[in-house]
Amino acid sequence: VEPSLAEVSGISSELLREARKKSEWNLFDLYAMAVESSDKLAIRYEKVRQAEAKKALAFSMFLPTLSYRNQKSEFYPNPADKLETERNKQLAYSAMGVPSAYLPLLNSSGSSTGTNLTPALRSGQRLVLHVPIFTGLSEYSSYVTAKSEIRVRKLEMSGEAILLLTDLSQAYFTILLLEKS
C-alpha cells in the first residue's frame, strides 16, 4: 500500500498482510483488501502524484537558472556564397530524408547576406543567469496553487476511500442479514 494511500485510508501494508492470512474476514479486513485493488483509489493516487509534480515544477521555475550558450554564426560577404551554401544544405537534408516542408525551418541560419558585424561579434560562448525578478510573483502564485491542489487531490482521494468503505459496509451488512434470515 502506497504511503499516501495508507495515510488517507488508514490501511497499511501490515494490516493488509494480516487480513490475507485470516480464514474469516470482518468488514475492515475486506476493506483492506478492497483498498489495495480499487481502481478509483489508484486513479486518485495518480492525480495526487501529478499535483506533487506540478508543485516541484512550479518551485523549479521560481529558482534562478544558469545556462551555457554556444552561438555559431555564418558570415557571407557575397550573397552568391550564401545561396550556394543553402543549396548544399537542402541537398544534404533531402538525402537524409527530411520532408521538403521542414527545409525552410532547417535552412534559416539567422544571418543576413550582408552585415557590418564581424563573425567574432556574432559568434561565441555565453554564460547566462536568468533570475525571475519580474515573473517571480506569478511563479510563486503557481507554487502556492500547486500546494493547494495537492491538498484538494488528497481530499478527493479521502472521499473516494470513504465511498469505498460505505459501499463495502452496505454489501457486508446486507450479506449478514441474508445469512441470518
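These numbers come from a predicted model, not from an experiment.

Reading the values: the criteria
- Residues numbered from 1 in each chain as written.
- Predicted model: local features only at pLDDT ≥ 70, side-chain atom pairs only at ≥ 80, totals over all residues.
- Heavy atoms only, no water.
- Helix = DSSP H or I, 4+ residues; strand = E, 2+ residues; numbered from the N terminus.
- Buried < 20%, exposed > 50% of the residue type's maximum accessible area, 1.4 Å probe, protein only.
- Contact = heavy atoms within 4.5 Å.
- Areas by Shrake-Rupley, 256 points an atom, 1.4 Å probe, with all protein chains shown as cover.
- Salt bridge = Lys/Arg side-chain N within 4 Å of Asp/Glu carboxyl O.
- Phe/Tyr/Trp six-rings, centres within 6.5 Å; stacked < 30°, edge-to-face > 60°.
- Expected span 1.5 Å × (residues − 1).
- Polar contact = N/O pair within 3.5 Å; in protein donor to acceptor, adjacent residues only side chain to side chain.
- Core = buried A, V, L, I, M, F, W, Y, C linked by side-chain atoms within 4.5 Å.

K.L.:
What exactly am I supposed to notice about the overall build of the chain here?
P.N.:
Regarding its fold elements, the chain presents 8 helices and 2 strands. When the helices and strands of the chain are listed from N to C terminus, the series reads α-α-α-α-β-α-α-α-β-α. When each of the 181 residues of the chain is scored for burial, the buried share is 24%. A fraction of 75% describes how many contacts in the chain between residues 6 or more apart in sequence connect residues 24 or more apart. Split by element, the accessible area of the chain, about 13,000 Å² in all, is 60% carbon and sulfur.

K.L.:
Where do I start with the pattern of salt bridges in this structure?
P.N.:
One side chain can pair with another of opposite charge once the charged atoms of both are near each other. Taken as a whole and judged by the stated rule, the model has 8 salt bridges. In this structure, Glu-36 and Arg-20 form a salt bridge, with 2.2 Å as the shortest nitrogen-oxygen distance. Of this pair, Glu-36 sits in helix H3 (residues 27–37) while Arg-20 sits in helix H2 (residues 13–21); the two residues are 16 residues apart in sequence, bridging distant segments of the chain. The exposure class of Glu-36 is partly exposed, given its relative accessible area of 43%. Of the residues examined, Arg-20 reaches a relative accessible area of 46% and is grouped as partly exposed. Where Arg-153 meets Glu-156, a salt bridge forms, and the shortest distance between an N and an O atom there is 3.0 Å. One end of the pair is Arg-153 and the other is Glu-156, both in helix H8 (residues 136–180) and 3 residues apart, which spans about a single turn. Judged by relative accessible area, Arg-153 falls into the partly exposed class, the value being 23%. Within this structure, Arg-44, Lys-54, Glu-149, Arg-153, Glu-156 and Glu-160 form a network of salt bridges that share partners.

K.L.:
Explain the packing of aromatic side chains to me, please; I cannot follow it from the model alone.
P.N.:
For any pair of aromatic rings, the description rests on two quantities: the centre-to-centre distance and the angle between the ring planes. Under the defined criterion, the tally for this structure stands at 3 aromatic pairs. Judged by centre distance (5.7 Å) and plane angle (50°), the rings of Phe-59 and Tyr-143 are tilted. One end of the pair, Phe-59, is in helix H4 (residues 39–62); the other, Tyr-143, is in helix H8, with 84 residues separating them in the sequence. On the basis of relative accessible area, Phe-59 is assigned to the partly exposed category, the value being 41%. Ring geometry for Phe-62 and Tyr-140: centres 6.1 Å apart, planes at 50°, overall tilted. Taken together, the positions of Phe-62 in helix H4 and Tyr-140 in helix H8 put the pair 78 residues apart, joining distant regions of the chain.

K.L.:
Explain H4 here, please?
P.N.:
Helical geometry note: an α-helix holds 3.6 residues per turn, so side chains three or four residues apart project in the same direction. When the terminal C-alpha atoms of H4 are compared, their 35 Å separation across 24 residues agrees well with the 34 Å that a helix rising 1.5 Å per residue should span. Those residues of H4 not exposed but buried are Leu-41, Tyr-45, Val-48, Ala-51 and Ala-58. Of the residues flanking the start of H4, the one acting as N-cap is Ser-38, its side-chain oxygen 3.3 Å from the backbone nitrogen of Leu-41.

K.L.:
Can you help me understand the nonpolar core in this one?
P.N.:
Burial of nonpolar side chains together is a common tendency in soluble globular proteins. Formed by 19 residues in total, the largest nonpolar core has its most connected members in Tyr-31, Val-35, Leu-41, Met-157 and Leu-164. Elements represented by at least two residues in this core include exactly helix H1 (3–9), H2, H3, H4 and H8. Counting residues per element, this core draws most heavily on H3, which supplies 6 residues. When residues no more than four places from it in sequence are discounted, the contact partners of Leu-164 are Tyr-31, Ala-34, Val-35, Ser-38 and Leu-41.

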